[in-house]
Amino acid sequence: MRKKTCKVFFSVSSFSSFFSFFFLCLGIFFCMEMAMAQNRSTIPINVGVVFDMDAWVGKMGLSCISMALSDFYSSDHGSDYKTRLVLHTRDSKRDIVAAAAAAVDLLKDLEVKAIIGPTSSMQADFIIGLGEKAQVPIISFSATSPSLSSLRSPYFIRATLNDSSQVKTISSIIQYFGWREVALIYIDNQFGEGIIPFLTDALEKINARIHYRSVIPEFAIDDRITSELHKLRSMQTRVFIVHMTTSLGAKIFTMAKELGMMSEGYVWIITDAMANELNSMDPSTIESMQGVIGVKPYVPRTKQLEDFTTRWKLKFQQENPTILNAELNVFGLWAYDSATALAMAVEKSRNAGASFQKLHTSGNTTYLEAIGVSKDGPKLLQAILNTTFKGLSGDFQIVDGQLRSPAYQIINVIGNGAKGIGFWTRENGIIKDLSLRSTKNGHSISKTNFGTIIWPGDTTSVPKGWVIPTNGKKLRIGVPLKHGFSQFVKITRDFTTNTTTVTGYCIDVFKEVMDALPYYVPYEFVPYVTPDGETTESYDDLVYQLFLGTFDAVVGDTTIFANRSQYVDFTLPYTESGVAMVVPIKDKNRNKAWVFVKPLTWELWLTSFCCFVFIGFVIWVLEHRVNEDFRGPPWHQVRLIFWFPFSTMVFAQKEKIVSNLARFVLIIWFLVVLILTSSYMASLTSTLTVEKLQPELLKSNEYVGYQQGSFVARLLAKMNFDEDRLRPYSTPQECVDLLSRGSANGGIAAVFDEIPYVKLILAKYCSKYTIVGPTYKSDGFGFAFPMGSPLVPDVSRAVLSVTESEKMVQIEKAWFGKYTCSNSSASPSSNSLGLDSFWGLFVIAVVAATLALLIFLTTFMHEHWHIMRQSNLPFHERIRILARNFDRKDYSSHTFKNSELRDAVGVLGHMDCPQSPHDNLSMFASPQTNEPPSPSISSHTEQIFHLPGEEGGTPPSHEENVAVSTQESVIGLAIDLNAGR
């Protein structure tokens, strides 16, 4: 029974295994059929690949392209495509001819629809022409030379970055640290030379320059590299920019370290050609590059990139087991994205794989002429240009025939690799973090934009970028040889030691300027003498020697002049500019009777007179009722109105001022008079000593002097001076001697010279000579350099720095002394003073006087308003009464004594006027007491001055008016008699 059961179980198991195997075979067969059906429905598109297969970029690129196509067609999106790229690889063998032959083979025999490659810029130059002829897109992910422009051929697509796109990043680094000169080290081929014009322009925009270009052949031997490095080490520049292939660059850095050029003080900057491949360099090379700064395109780290990197390392290690520790760089990512973009573009262009259109040629056609034209080329080209997607390297987009430039990352080689220290973007310049955005317009250059940098020599101190060279060429500075005015330039020869010493004001300024430069410039002074060994006769000849190349610069009292600037470049001036005339001080005004009126213009004279009269009138009004000095006969008072204000000019007034309002007006008027008289005296003094010092040189045919060799002689000729009337001088003493003799005695009547020389003369003889007339325009002293010299902008900025500093004052004091003459630095002017200089003072005085007058009139009218209310009197009668009351003394004023009032009342006691029984002398206070009068005085006074008809009374008759007038006259007479007693 057990045996039977076992047989049955075995039979069932066998049957089950048979069916399982059957279904497995069926599934495999079905899959094979589906794959064959799919292959039968897809369209193969031939694509050529031209790489240097033994180079790292070629091996890595081919591996990434194959993985890109595999990943794309196995994805959900690519699996539905009807087209499939079929790669046909060719090895260019690092040779331009081999690369061209490979491209011809692919185009003629295989009729490929596109070519990916070549890897180098030199190989691409010829292949681009073939692609344009056949209308086949040439896609390169590693040919970066700017000379390979898509403008030359629209069928060239640069799926990488142009080398010129990184020059702004490099120039920003140079500007950030303030370096002004760099040395460029580049490979001697099309790739190396392509970046030069773009880098030069970028540096010029930040006022920097390429001091030296070091060209290294592609296959240079070690001795050639060592010789070039020795030359670089002997120069002053310590900032080196390296643009070359990785293999040649590794040699240079290894030898540079052996020569000690990777120590403190050096700056090395590498372009992306080397920075992109740092992770694939030997550790020994990385060790020799410690402290190097590099720039490379920024590739964001994504999960997709990390997964691909892992898969690529496994696949590449399997295909190349002899290559250990292979590292993927950005060129591999661009190769991956290029293949993906091409696969997408082929599908979009509906490429059917049509054959080339053959050209009609004769039987003697060459192999190249037999290449046909792709019918699908134009559509495929437009499809590639319009393809955009998110690739491994970032956003893939072709703009103007090349990959759109991303942000650049700035790296620092430290330890076993590179560390990011910042970024550069077109919008914000250098920034520390891409998440940060500048809040200001323009690029920021803040010192916090970089992370910590380790420079060569393992230091964090920023190198200054230059040193004193060991055997660098010195600039030959031409200086004039002259006997006079040695304070500016003085040349001393020591014949015992055969040495020459150059000193002077101009020399000290030049030394300070050169010390202020951000780099070192070696120089030596070379005196300029004529062929016969004499002194410098013409500064034009000296400057022209600079144009001829005899000197590298000219320093001295050299004036910036228009005709000289046509063949040399001048820096900014470091002295005052202008040509002035100096004449002896002579008093020729003693016979001029009316010279005293010239200090003021007629408008100011007239305004002053009117203001004097107005102030006199106001003072009289304010003082007439309360001050005995301002009373008297009419003509006496009129004379007083004119006398009093004019007497204040010398403070000779004898009248006492008692009114507070008048005192207020007078205080302000004293200020006006003081300023006006002081200004008048100063102007009169200037007129008497300067006005007539300017001789009419041209009319009187006088002799004038100028400094020997100066351009002033030409200036005087333009001013119509006769050349026979010009006399040169060489020293200040000779100039003074000529002036002292005068024109009639073999001397000169005036001197025309530049302001610095004039100041030197007047510093010693300011009591005898002075500057007169206008200052003629000139541009001052400047340093001359050859036309287009890159030193001119830097030296000009240094000139500004020195002239604005205290050091310039110290130099002037050291050579010219401290000036004691106030008129030695400016041309005095004898122009009359005008109203525009004093109208503010007159306004203040008039406003103050008017205000005081208004206050007085308001108070007076308030006290006598009852007169104006007498409507029964004609208006002119009321005005007459007011005027009569104004002319009377104001007895309420403290200035009048009580005795005067008592005498007046005593006189009235004999008059026939009503009195109360107690109206007698006892009503007044005793003269010996200070007590006020009794109340009866007030009532009695009111009775005396009370007008009949007031307070509702009957209108006064003619007789009553006469009586009142008589009473008032008698009171005034009594008081006047008492005052005269």
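Predicted, not measured: the structure shown is a model, and the values here were computed from it. (Residues numbered from 1 in each chain as written. Predicted model: local features only at pLDDT ≥ 70, side-chain atom pairs only at ≥ 80, totals over all residues. Heavy atoms only, no water.)

1. Observations regarding the overall build of the chain
Then comes step 1: Assigned secondary structure in the chain consists of 31 helices and 28 strands.
Then comes step 2: Restricting the contact set of the chain to residue pairs at least 6 apart, pairs at least 24 apart contribute 72%.
Then comes step 3: Total accessible area on the chain is roughly 49400 Å²; 57% of this is exposed by carbon and sulfur atoms. (Helix = DSSP H or I, 4+ residues; strand = E, 2+ residues; numbered from the N terminus. Contact = heavy atoms within 4.5 Å. Areas by Shrake-Rupley, 256 points an atom, 1.4 Å probe, with all protein chains shown as cover.)

2. Regarding the pattern of salt bridges
Then comes step 1: For the coordinates displayed, the defined rule picks out 17 salt bridges.
Then comes step 2: We note a salt bridge from Glu512 to Lys807, for which the minimum N-O separation is 3.9 Å. On the criterion of sequence distance, the pair formed by Glu512 in helix α15 (residues 505-515) and Lys807 in helix α25 (residues 806-816) is long-range, its members being 295 residues apart.
Then comes step 3: Under the relative-accessibility criterion, Glu512 is labelled partly exposed at 26%.
Then comes step 4: In this structure Lys807 comes out as partly exposed when scored by relative accessible area, which is 35%.
Then comes step 5: What you see here is one network of salt bridges that share partners, running through Arg180, Asp794 and Arg797. (Salt bridge = Lys/Arg side-chain N within 4 Å of Asp/Glu carboxyl O. Buried < 20%, exposed > 50% of the residue type's maximum accessible area, 1.4 Å probe, protein only.)

3. What about the sheet that holds strand β14 (residues 408-414)?
Then comes step 1: On the basis of which strands lie adjacent, the open sheet formed by eight strands has the order β7-β6-β8-β9-β10-β14-β15-β16 and mixed pairing. Across the chains shown, the open sheet's two edge strands, defined by having one partner strand only, are β7 (209-216) and β16 (429-431). Pairs of neighbouring strands in the sheet enclose a mean axial angle of 30°, with direction left out of account.
Then comes step 2: When strand β6 (residues 181-187) meets β7, the two strands line up parallel, connected through seven bridges. Note that in β7 the partner of Val182 across the bridge is Ile210.
Then comes step 3: Seen against the sheet, helix α9 (residues 246-258) touches β6, β7, β8 (239-243) and β9 (267-270) and runs at an angle of roughly 170° to β9. (Pairing = 2+ DSSP bridges. Axes fitted to C-alpha atoms, helices over the stretch in contact; angles between N-to-C directions.)

4. Regarding unusual backbone geometry
Among all residues except glycine, the phi angle is most often negative; among peptide bonds, the trans geometry is most common.
Then comes step 1: Cis geometry is found at the peptide bond from Gly117 to Pro118, where omega equals -5°.
Then comes step 2: The residue Lys93 is not glycine, and still its phi comes out positive at about 55°.
Then comes step 3: With respect to the element layout, Lys93 can be found in the loop between β2 (83-91) and α3 (96-108).
Then comes step 4: Classification of Lys93 by relative accessible area gives exposed; the value is 60%.

5. Side note on the UniProt feature "transmembrane region" (unreviewed entry) in the chain
Then comes step 1: UniProt annotation of "transmembrane region" (unreviewed entry) refers to residues 12-32, 600-622, 664-682 and 838-860 when read in the numbering used here.
Then comes step 2: The span residues 664-682 is 100% helical and 0% strand by assignment, and the distance between its end C-alpha atoms comes to 28 Å.
Then comes step 3: Across residues 838-860, the secondary structure splits into 96% helix and 0% strand, with the terminal C-alpha atoms separated by 33 Å. (UniProt positions renumbered as here; feature names shortened; annotations may be inferred.)

6. Quick word on the packing of aromatic side chains
Then comes step 1: Enumeration according to the criterion identifies 44 aromatic pairs in this entry.
Then comes step 2: A ring pair is formed by Phe485 and Tyr757, whose centres lie 5.0 Å apart and whose planes are at 70°; its orientation type is edge-to-face. Of the two residues, Phe485 is situated in the loop between β17 (475-480) and β18 (490-494) and Tyr757 in helix α23 (residues 755-765); the sequence distance between them amounts to 272 residues.
Then comes step 3: A relative accessible area of 1% places Phe485 in the buried class. (Phe/Tyr/Trp six-rings, centres within 6.5 Å; stacked < 30°, edge-to-face > 60°.)

7. Concerning the sheet that holds strand β24 (residues 704-707)
Then comes step 1: Sheet architecture is open: five strands sit in the order β25-β24-β26-β23-β27, paired in mixed fashion. Of all the strands in the sheet, the pair left with one neighbour each is β25 (726-729) and β27 (769-776). Pairwise comparison of adjacent strand axes, ignoring direction, gives a mean angle of 30° for this sheet.
Then comes step 2: Inspection of the sheet shows β24 paired to strand β26 (residues 750-754) by two bridges, in the parallel sense. By the bridge assignment for β26, Gly705 is matched with Val751.
Then comes step 3: Sheet strands touched by helix α22 (residues 732-741): β23 (579-584), β25, β26 and β27. Its angle to β25, the strand with the most contacts, is close to 145°.
Then comes step 4: Sitting on the sheet, α23 is in contact with β23, β24, β26 and β27, with an inclination near 125° to β26.

8. Here we look at the packing of α22 against α23
Then comes step 1: Direction vectors running N to C along α22 and α23 enclose 70°, while the axes themselves pass 11 Å from each other. Between α22 and α23, the crossing angle belongs to the class labelled roughly perpendicular. For α22 against α23, the interelement crossing comes out right-handed. Here Pro732, Gln733, Cys735 and Val736 of α22 come into contact with α23, specifically with Leu760, Ile761 and Tyr765. (Parallel < 35°, antiparallel > 145°, perpendicular 65-115°, else oblique. Left-handed = near helix turned anticlockwise from the far one by under 90°.)

9. Side note on the packing of helix α13 (residues 330-348) against helix α14 (residues 377-385)
Then comes step 1: Contact geometry of α13 with α14 gives a least axis separation of 8 Å together with a crossing angle of 125°. The pairing of α13 with α14 is recorded here as oblique in orientation. For the element pair α13 and α14, the recorded crossing hand is right-handed. Of the residues in α14, those in contact with Leu342, Ala345, Val346 and Lys348 of α13 are Leu380, Ala383 and Ile384.
Then comes step 2: Class assignment for the residues of the contact of α13 with α14 results in six nonpolar, no polar and one charged. (Nonpolar A, V, L, I, M, F, W, Y, C, P; charged D, E, K, R; others polar.)

10. Some remarks on helix α4 (residues 121-134)
Then comes step 1: For α4, spanning 14 residues, the distance from its first C-alpha to its last is 20 Å, which sits close to the expected 20 Å at 1.5 Å a residue.
Then comes step 2: The largest bend along α4 measures about 25° and falls at Ile127.
Then comes step 3: Of the positions making up α4, those classed as buried are Ser121, Met122, Gln123, Ala124, Ile127, Ile128, Leu130, Gly131 and Ala134.
Then comes step 4: Packing partners of the buried residues in α4 comprise β1 (43-51), α3, β4 (138-140), β5 (156-158) and α6 (190-193).
Then comes step 5: Where α4 ends, the next residue or the one after it, Gln135, has phi of about 55°, a positive value. (Expected span 1.5 Å × (residues − 1). Bend = angle between axes of the 7 residues up to and from the residue.)

11. Concerning the nonpolar core
Then comes step 1: By size, the foremost hydrophobic cluster in this structure holds 84 residues, and its most contacted members are Ile173 and Leu342.
Then comes step 2: Sort the elements by how many residues they give to this core and α13 lands first, with 13 residues.
Then comes step 3: Both domains that furnish three or more residues to this core are identified here as domain 1 (43-161 + 301-358 + 369-403) and domain 2 (163-300 + 408-431).
Then comes step 4: Trp466, Val479, Ile771 and Met808 belong to the second-largest nonpolar core, a separate cluster that totals 54 residues. (Core = buried A, V, L, I, M, F, W, Y, C linked by side-chain atoms within 4.5 Å. Domains from an automatic or database assignment.)

12. Re the environment of Ala763
Then comes step 1: Position of Ala763 relative to the elements: it lies in helix α23.
Then comes step 2: Residue class for Ala763 comes out partly exposed when judged on its relative accessible area of 27%.
Then comes step 3: Expressed as a C-alpha distance, the spacing of Ala763 and Phe816, which sit 53 residues apart in the sequence, is 7.7 Å.

13. Some thoughts on the environment of Thr459
Then comes step 1: With respect to the helices and strands, Thr459 occurs in the loop between β16 and β17.
Then comes step 2: Given the relative accessible area of 12%, Thr459 is considered buried.
Then comes step 3: Placed 194 residues apart in sequence, Thr459 and Gly265 show a C-alpha to C-alpha distance of 9.2 Å.
Then comes step 4: Ignoring sequence-local partners within four residues, the contact set of Thr459 consists of Glu264, Ile453 and Ile454.
Then comes step 5: There is a polar contact of 3.1 Å between the side chain of Thr459 and the backbone nitrogen of Ser461. (Polar contact = N/O pair within 3.5 Å; in protein donor to acceptor, adjacent residues only side chain to side chain.)

14. Details of a nonpolar patch on the surface
Then comes step 1: Together, Trp594, Phe596, Val597 and Trp605 line one region of the surface with nonpolar side chains, adding up to about 420 Å² of accessible area.
Then comes step 2: Within the secondary structure, Trp594 is located in the loop between β23 and α17 (602-623).
Then comes step 3: What makes Trp594 exposed here is its relative accessible area of 63%. (Patch = residues over 30% accessible without salt bridge, like charges linked within 9 Å, V, L, I, M, F, W, Y side chains within 5 Å.)

15. Let's talk about the pairing of β26
Then comes step 1: Most of β26 sits inside the fold, with five of its five residues counted as buried.
Then comes step 2: Here four bridges tie β23 to β26, and the two strands are oriented antiparallel to one another. Counterpart to Ala580 in the pairing with β26 is Asp753.

16. Digging into the confidence of the model for the chain
Then comes step 1: The share of residues in the chain with pLDDT of 70 or more is 78%, and the mean pLDDT across the chain is 79.
Then comes step 2: Long-range and interchain partners of residues 438-442, a stretch whose pLDDT sits below 50, account for three contacts in this model, where long-range means more than four residues apart.
Then comes step 3: In this model residues 905-981 is a low-confidence stretch, pLDDT under 50, and it forms 65 contacts with partners more than four residues away in sequence or in other chains. (pLDDT = per-residue confidence, 0-100.)

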